[in-house]
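Take a look at the letters that make up each chain.
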Amino acid sequence: MFIKTKKGGQSVRYNNKIDRKRYKKFILVSTIPVVSFYVIFMIYPILQTLYYSLFRWSGFSRDMEFILLRNYNELMTDSMFLQTVWNSFKYVFFGSIIIIVITLLFTYVITNYKSKKLKDLVQMILFVPNTISPVALALLWGFILNTRWGLLNGLLGKLGLDFLQRGWLGDQYIFGAALSLLVWIHVGFFIIMYVAAADRIPPSLYESAQLDGATTWKQFTKITVPLMKDVIETSMVLWTIFSFKIFGYLYVFGAGGAGSDAPVAVRNISVHLFLTAFGKRTPINRLAYASSMAIVLLILVAILVYVIRKLIMSGETIEY
Amino acid sequence: MFKKSNLLLSITLMVGLLLLSSTMVMANESFTYWSMWEKGEPQQKVLEQAIKDFEEQFDVTVNVNWAGRDVVTALKPRFLSGENIDMTDQSGEELYGGLVAGGVAATMNDVLEMSVPNEDATVGDVLIPESYDAYVREDGSLYIIPYNFITSVFWYDKVLFNDLGIEAPETWDEFLEMSEILKDNNIDPVAFGIQTDVYRGYFPYHAAERILGKNALNNAASDPTGEAFEDPRWERVGDILYQFSKEGKDLLMQGYESSVYPAPQMDWVMGMAGTFYCGTWIPVETREAAGENFEYGAFKFPTFEDADGDPTAVETYPIGFSVLKDAENADLAKKFVAFFLQEKYAKQWVEVTKNMTPRAGVEAPAELADAKKLLDNANSTFRLYDGVQADQPEWYASVFLPLASEVLLGEINGEEYAEKMRTETIKFWENKNN
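This one's a predicted model, so the numbers in the text were calculated from it and none came from an experiment.

Asks: Residues and numbers for the overall build of chain B, please.
Replies: Helix and strand counts for chain B stand at 19 helices and ten strands. A separation threshold of at least 6 residues defines the contact pool for chain B, and within that pool the share at least 24 residues apart is 78%.

Asks: Before we move on, could you go through the interface of chain A and chain B and cite the residues and values that matter?
Replies: Each partner contributes residues to the interface: chain A has 38 residues there, and chain B has 36 residues. Of the residues contributing to the side of chain A that touches chain B, the split by class is eleven nonpolar, 18 polar and nine charged.

Asks: Describe in detail the sheet that holds strand β8 (residues 296–299) of chain B, supporting the description with residues and values.
Replies: Residues and elements named next belong to chain B. The sheet built from four strands is open, its strands ordered β6-β7-β5-β8 with mixed pairing. If you trace the sheet from one side to the other, it starts and ends with β6 (188–191) and β8, each paired once. Across the sheet, the mean angle separating the axes of adjacent strands is 30° when strand polarity is ignored. In this structure, strand β5 (residues 152–157) lies alongside β8, joined through four bridges in antiparallel fashion. Each bridged residue has a counterpart across the sheet, and for W155 the counterpart in β8 is A298.

Asks: Run through the pairing of β5(B), naming residues and quoting values.
Replies: All names here are of chain B. Most of β5 is tucked away, with six of its six residues classed as buried. Pairing of β5 with strand β7 (residues 273–279), which is carried by five bridges, proceeds in the antiparallel orientation. By the bridge assignment, F154 is partnered in β7 with Y277.

Asks: Mind laying out the nonpolar core, listing which residues take part and the relevant values?
Replies: Ranked by internal contacts, the top residues of the largest apolar core, which has 196 residues, are Y249(A), F253(A) and L241(B). Broken down by element, this core gets its largest block of residues, twelve residues, from helix α7 (residues 174–199) of chain A. Taken domain by domain, the makeup of this core includes at least three residues from each of domain 1 (8–143 + 317–376) and domain 2 (152–313 + 385–431) of chain B. Once residues lying within four places of it in the same chain are set aside, the contact partners of F253(A) are A138(A), W141(A), G142(A), A178(A), L181(A), A262(A) and V266(A).

Asks: Explain the pairing of strand β1 (residues 30–35) of chain B residue by residue, including any values.
Replies: Residues and elements named next belong to chain B. Summarising burial for β1: five of the six residues are buried, a large majority. Examined bridge by bridge, β1 and strand β2 (residues 61–66) share six bridges and lie parallel to one another. Paired with S30 across the strands is T61, a residue of β2. The parallel pair β1 and β2 is bridged by helix α2 (residues 42–58), and the resulting crossover is right-handed. As judged from the two bridges shared by β1 and strand β3 (residues 87–91), these two strands associate in the parallel manner. Looking at the pairing, Y33 lines up with M87 of β3.

Asks: Provide a residue-level description of the packing of helix α9 (residues 197–211) of chain B against helix α18 (residues 393–408) of chain B, including the pertinent values.
Replies: Residue and element names in this part refer to chain B. Where α9 contacts α18, the axes come no closer than 9 Å and their chain directions differ by 75°. As summarised for this structure, α9 and α18 are arranged roughly perpendicular, according to the angle between their axes. Facing α9, whose interface residues are D197, R200, G201, F203 and P204, α18 presents F400, L401, A404, S405 and L408. Considering only residue class, the contact of α9 with α18 consists of six nonpolar, two polar and two charged.

Asks: So what's going on with the environment of M178(B)? Residues and values would help.
Replies: Residue and element names in this part refer to chain B. With respect to the helices and strands, the residue M178 is situated in helix α8 (residues 172–184). Its 25 C-beta neighbours within 10 Å are what place M178 among the buried residues. Apart from the residues lying within four places of it in its own chain, the contact partners of M178 are I166 and P169.

Asks: Mind laying out α7(A), listing which residues take part and the relevant values?
Replies: For α7(A), which comprises 26 residues, the first-to-last C-alpha distance of 37 Å matches the rise-based estimate of 38 Å (1.5 Å per residue) to within 8%. The largest bend in α7(A) comes to about 35°, at H186(A).

Asks: Could you give an account of unusual backbone geometry, naming the residues involved and the relevant values?
Replies: The omega torsion across Y261(B) and P262(B) is 0°, close enough to zero to call that bond cis. Examined against the element boundaries, P262(B) turns out to sit in the loop between α11 (233–244) and α12 (263–269). Residues other than glycine seldom take positive phi values, yet L68(A) does so here, at roughly 55°. Among the structural elements, L68(A) can be located in the loop between β4 (65–66) and α2 (70–77). In this structure, Y385(B) takes a positive phi of about 55° despite not being glycine. One can find Y385(B) in the loop between β10 (381–383) and α17 (388–391).

Asks: Break down the packing of α11(B) against helix α19 (residues 414–431) of chain B for me, with residues and values.
Replies: Residues and elements named next belong to chain B. Contact geometry for α11 and α19: axes closest at 7 Å, N-to-C directions at 125°. Relative to α19, the element α11 lies oblique. By crossing handedness, the relation of α11 to α19 is classed as right-handed. Contact residues: α11 offers W234, E235, R236, G238, D239, L241 and Y242, while α19 offers G414, E415, Y417, A418 and M421. The residue inventory of the contact of α11 with α19, partitioned by class, reads six nonpolar, two polar and four charged.

Parameters at a glance
- Residues numbered from 1 in each chain as written.
- Chains lettered and ligands numbered in written order.
- Predicted model: local features only at pLDDT ≥ 70, side-chain atom pairs only at ≥ 80, totals over all residues.
- Helix = DSSP H or I, 4+ residues; strand = E, 2+ residues; numbered from the N terminus.
- Contact = placed C-beta atoms within 7 Å.
- Nonpolar A, V, L, I, M, F, W, Y, C, P; charged D, E, K, R; others polar.
- Pairing = 2+ DSSP bridges.
- Axes fitted to C-alpha atoms, helices over the stretch in contact; angles between N-to-C directions.
- Buried ≥ 20, exposed ≤ 12 C-beta atoms within 10 Å, placed from the backbone.
- Core = buried A, V, L, I, M, F, W, Y, C linked by C-beta atoms within 7 Å.
- Domains from an automatic or database assignment.
- Right-handed = clockwise from strand over helix to strand, strands pointing away.
- Parallel < 35°, antiparallel > 145°, perpendicular 65-115°, else oblique.
- Expected span 1.5 Å × (residues − 1).
- Bend = angle between axes of the 7 residues up to and from the residue.
- Left-handed = near helix turned anticlockwise from the far one by under 90°.

Spatial relationships are all this shows, so hold off on functional conclusions.
Structure representation (structure tokens):
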């Protein structure tokens, strides 16, 4: 017989030694498949990547030359790689600010809808970009932002805002153009998360606030947002991981789908390491060197996720 | 007793069937071909028909995978898993930069000696030497047999040029005169998009071919001391590029700093620009948008006085077959290569795909007649990007293309271009620990 108690988290108390042994055995047996799966599909590939990163290897044949840490040495001075690391950080930083602000604003609006149908419809519309092929969306975004006959500049012209027309795909604006694409696509996903989190907050809290005369905005900032802290943290962790590993959109965007590799100005580490490993238009084909990039990527994501969690978890956790 | 005899009979029948089927397999040879074309493309249709004919004529099987343009990337894991792939095809640069550099391609010199089926000639006899000459290594080895031939030229609309009284220019001065007339008629001289690598790399390497000659760029890229760029002729190359820029003579179309494929080619056929530099695939891609009254003309990259490059030289950009080094059925694959170079398939290639064939004596499509003439009149050829994209891909990506952007955007002048090519090349090689 097990008795569950809640004391700072879940714990289990046992009334006899036999039950405790059986429980431990059960835990052990039930975790074996998960651990095996994790080791085979996560740990082993990571170790293998680490191993390959110590070689000079094109990946076409089994001829490999052991060069110890020279790939890592080269990474430290590789301007293109460093540019893609910087880009990845910019996606994390600017992306998370923009996404959180937009998502919170939409959450505020959507949670105030009285009609559930309207609520669902708006969320569905915002989620649609997530369901479309990355290649199609990246190409579409490129067409929208085309300088001479793109939809955006066309619209600005029609509205008499010609002075705002820009060469959106030029070096000066292309990073922002890529970031706006990623925000547009992912914001719907985070809105669904935030709205679901807001919906689970007990109505009694809002009712008390209303009796105290709090406005809906005050209720949102003082009740909804603080109680969604765990979800905001999760969304930031997810966005950090997305920023580093997003591939399809950035691989195609700016390259026009043909004739070009993705411009360095928009590449994150994932895109750059793929192009280094397998080439595309430019046949670089350095699989081992790309493996060292993958290891750096892993370390960077781990550090960032740790820092974000530390920063957010440093405050008080509100339970309800 | 009945059961025993029944069992015996079954076993005998099964063994017999097994032997029969293995004999049939042995009789029917096969090879595996991974193609760069995708199902439904005109090129795929011509190849598919030839494969069908080959299978019927020689009672063999060709296992084809229409893998698409990223075929070399797709092949990589197959090689590592030990799967046998006998043959693939791609552009010369991608084959040389990938399979040849990776040491997995077989030499194809012997194919040149093979007879073309149903014809009294060898492959070497029927191929235009210019279609593969630039790809013969110093030791004489050749790793590609072309079946499609591309070259890059300036394209223009003959109807428009006639209306404006412009002759296709030959020299740089004539090119500038042409540009002035176009500008006077509110037409940008050259359609261009700097964000697309293909477009961005064309002028810097063509200018180098004209001013310094074949292999100069490739040799300079491979020189870790950067000394090659101290040659004053590189400054002249930079000056030419600077003249293209908006800060120079402003020859490139408005908004070129942010224009990406396919915008420049569409702007050109819609009459916003007078010329467009691109490969011989462009009429196929633009025919529909160009309309009936558009007549394709072509001229080569202009020539310069007192330059060391061959003024008649044009680019060689073959697409062809490459048999793999460890191919189990290399002989059969090579037999197909020779088979596909028959005149009837070359004619089909031209007719269906509207591309040029490297086979001598087969007319080019009407849209490519000018380009073909330039090729016929060329005394020499050079590789796409002078071979640096394949031979020094990282230098091409991290030094050549970024500096091409800077000078074509007018951010640096000719002198600065030459100096930055030198210093960035030194830095590049210093950073290369591998």
